[in-house]
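The lines below spell out each chain.
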Amino acid sequence: MILQTGMRTDIPAFYSKWFINRIKEGYVLVRNPYNPSAVTKYRIHPDVVDLIAFCTKNPAPMLEHMDVLKPFGQYWFVTITPYGKEIEPNVPDKKQVIEDFKTLSKAVGIDSIGWRYDPIFITEKYSLDFHLKAFEKMAKELSEYTNTCIISFIDLYKKVLKNFPQARMVSKEERLTIGKTFADIGKKYGITIKACAEGDELAQYGVDCSGCLTQAVYEKALHTKLNMPKRKGQRGECACFLGNDIGAYDTCKHLCKYCYANTDKNAVLRNAKLHNPNSSFLLGFQQSGDKIVEARQESWIDNQLTLG
């Protein structure tokens, strides 16, 4: 199976000690975000977890624990954008994140790490021209350490509008200009540009619109074939194989203005007080009314087929 860690929060950046404790104890307990008393227990062992998927803006805290992660297949997305502290208050200096990206790439291999440049939004400060120049500069820096870059444009969810009211949709003309230019830059530096949940309007420029966490991505990272069950994407335009996420909403302390996973800063600060790195739960401990169900888990690796 694939264990997800990054759709609800940034575990490497803020909860690495907790996650390493969970691996050492061999399991994790996860509350259903919409029915908190419904708890799923996942075993964390290479016998049943083929790959752990991470999505982070700061991989540094996890780098010292790579020996613990080594028995597992891994796929990492590291988000590096050109935005300042007024947009991403607690994201580390981007130059340092780029250096940590390079260190991580050397540890897991180029097929197991991708760069995310998203979400893209346009303001007077972060203009179209600004993005085109910033992207090429970053692509040049990362060109020897990844062959994939994911892009997407800002979605104006209610949470986003609440925390980032000045945000606006990126126009079609702007999207097409970005898609074409980014694709050309990607070709220059050997990086495939993929669009995340953006339909296929950028395919005409050579942007890969097939999805960013698909079976093919996992198989390339593992260098083997997987017998994965059929599963629909969480959104109609999403072709990715998601689910089995062990995070919790309202826990990411980056506090990015565009974040869809946080309600507001106060919710994050309240929840931060509930975290204990020794707990089986990301937040708090087991409660009397909890109904714990063990997840059905099995390896999906096809031992008869190995990719060259």
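Below is a short write-up of the structure. Worth saying up front: this structure is predicted, and the values here are computed from it rather than measured.

**Looking at helix α10 (residues 265-272)**
Where α10 is concerned, the buried positions are Ala-267, Val-268 and Asn-271. The arc that holds the buried residues of α10, viewed along the axis, is 100 degrees, so those residues lie on one side. Set apart from the buried face of α10 by more than 90 degrees, the exposed residues are Lys-265 and Arg-270. In this structure Asp-264 caps α10, since a side-chain oxygen of it lies 3.2 Å from the backbone nitrogen of Asn-266.

**A look at unusual backbone geometry**
The omega torsion of the bond from Asp-118 to Pro-119 falls at 0 degrees, within 30 degrees of zero and hence cis. Residue Asp-250 is not a glycine yet carries a positive backbone phi of 60 degrees. Residue position: Asp-250 is located in the loop between β9 (224-226) and α10.

**Re the pattern of salt bridges**
By the definition in use, this model includes 15 salt bridges. Between Lys-125 and Glu-86 there is a salt bridge, and its shortest N-O distance comes to 3.3 Å. Of this pair, Lys-125 sits in the loop between β6 (113-120) and α6 (128-142) while Glu-86 sits in the loop between β5 (73-79) and α5 (94-108), placing them 39 residues apart in sequence. Given a relative accessible area of 38%, Glu-86 falls into the partly exposed group. Between Arg-168 and Glu-174 there is a salt bridge, with its nearest N and O atoms 2.9 Å apart.

**Examining the sheet that holds strand β2 (residues 27-32)**
If you walk across this open sheet you meet the 3 strands as β2-β3-β10, and the pairing is mixed. Either end of the sheet is taken by a strand with one partner, and the two such strands are β2 and β10 (291-294). Recorded for the sheet is a direction-independent mean angle of 30 degrees between the axes of neighbouring strands. As paired elements, strand β3 (residues 35-43) and β10 share 4 bridges and run parallel to each other. Looking across to β10, one finds that Ala-38 is bridged to Lys-291.

**Section: helix α8 (residues 172-189)**
Taking 1.5 Å per residue as the helical rise, α8 with its 18 residues ought to reach 26 Å, and the 26 Å between its terminal C-alpha atoms agrees with that figure. Listing the buried residues of α8 in full gives Glu-174, Arg-175, Leu-176, Ile-178, Gly-179, Phe-182, Ala-183, Ile-185, Gly-186 and Tyr-189. The secondary structure elements touched by the buried residues of α8 are β6, α6, β7 (148-153) and β8 (192-195). Following α8 by one or two positions, Gly-190 adopts a phi angle in the positive range, close to 70 degrees.

**Points about the packing of α6 against α8**
In the contact formed by α6 and α8, the axes pass within 10 Å of each other and the chain directions differ by 20 degrees. In this view, α6 runs roughly parallel relative to α8, as classed from their interaxial angle. Here the hand of the crossing between α6 and α8 comes out right-handed. On α8, the residues that touch Leu-128, His-131, Leu-132, Phe-135, Glu-136, Ala-139 and Lys-140 of α6 are Glu-174, Thr-177, Ile-178, Thr-181, Phe-182, Ile-185, Lys-188 and Tyr-189.

**A word on the side chain of Thr-146**
Among the secondary structure elements, Thr-146 is positioned in the loop between α6 and β7. A distance of 3.2 Å separates a polar side-chain atom of Thr-146 from the backbone nitrogen of Thr-148. Among residues more than four places away in sequence, those in contact with Thr-146 are Phe-101, Ile-110, Ile-113, Gly-114, Trp-115, Gly-190 and Ile-191.

**Some details on the packing of aromatic side chains**
Geometrically, a pair of aromatic rings is defined through the distance of the ring centres and the angle of the planes. On inspection of all chains with the given rule, the structure shows 17 aromatic pairs. Considering the side-chain rings of Tyr-75 and Phe-77, the 5.1 Å spacing of their centres and the 85 degrees angle between planes classify their relative orientation as edge-to-face. Considered together, Tyr-75 and Phe-77 belong to a single accessibility category, that of buried residues. Ring geometry for Tyr-83 versus Tyr-126: centroids 5.0 Å apart, planes at 85 degrees, classification edge-to-face.

**A closer look at the sheet that holds β5**
Strands sit in the order β1-β4-β5-β6-β7-β8 across an open sheet of 6 strands; the sheet is parallel. Across the chains shown, the open sheet's two edge strands, defined by having one partner strand only, are β1 (2-4) and β8. On average, each strand axis in the sheet is tilted by 25 degrees relative to the strand beside it, whichever way the strands run. Bridge analysis of β5 against β6 gives 4 bridges, and the strand direction is parallel. Bridge pairing links Val-78 to Trp-115 in β6.

So, how was this worked out
- Residues numbered from 1 in each chain as written.
- Predicted model: local features only at pLDDT ≥ 70, side-chain atom pairs only at ≥ 80, totals over all residues.
- Heavy atoms only, no water.
- Buried < 20%, exposed > 50% of the residue type's maximum accessible area, 1.4 Å probe, protein only.
- Helix = DSSP H or I, 4+ residues; strand = E, 2+ residues; numbered from the N terminus.
- Arc of directions from axis to C-beta.
- Polar contact = N/O pair within 3.5 Å; in protein donor to acceptor, adjacent residues only side chain to side chain.
- Salt bridge = Lys/Arg side-chain N within 4 Å of Asp/Glu carboxyl O.
- Pairing = 2+ DSSP bridges.
- Axes fitted to C-alpha atoms, helices over the stretch in contact; angles between N-to-C directions.
- Expected span 1.5 Å × (residues − 1).
- Contact = heavy atoms within 4.5 Å.
- Parallel < 35°, antiparallel > 145°, perpendicular 65-115°, else oblique.
- Left-handed = near helix turned anticlockwise from the far one by under 90°.
- Phe/Tyr/Trp six-rings, centres within 6.5 Å; stacked < 30°, edge-to-face > 60°.

Read these as geometric descriptors, not functional statements.
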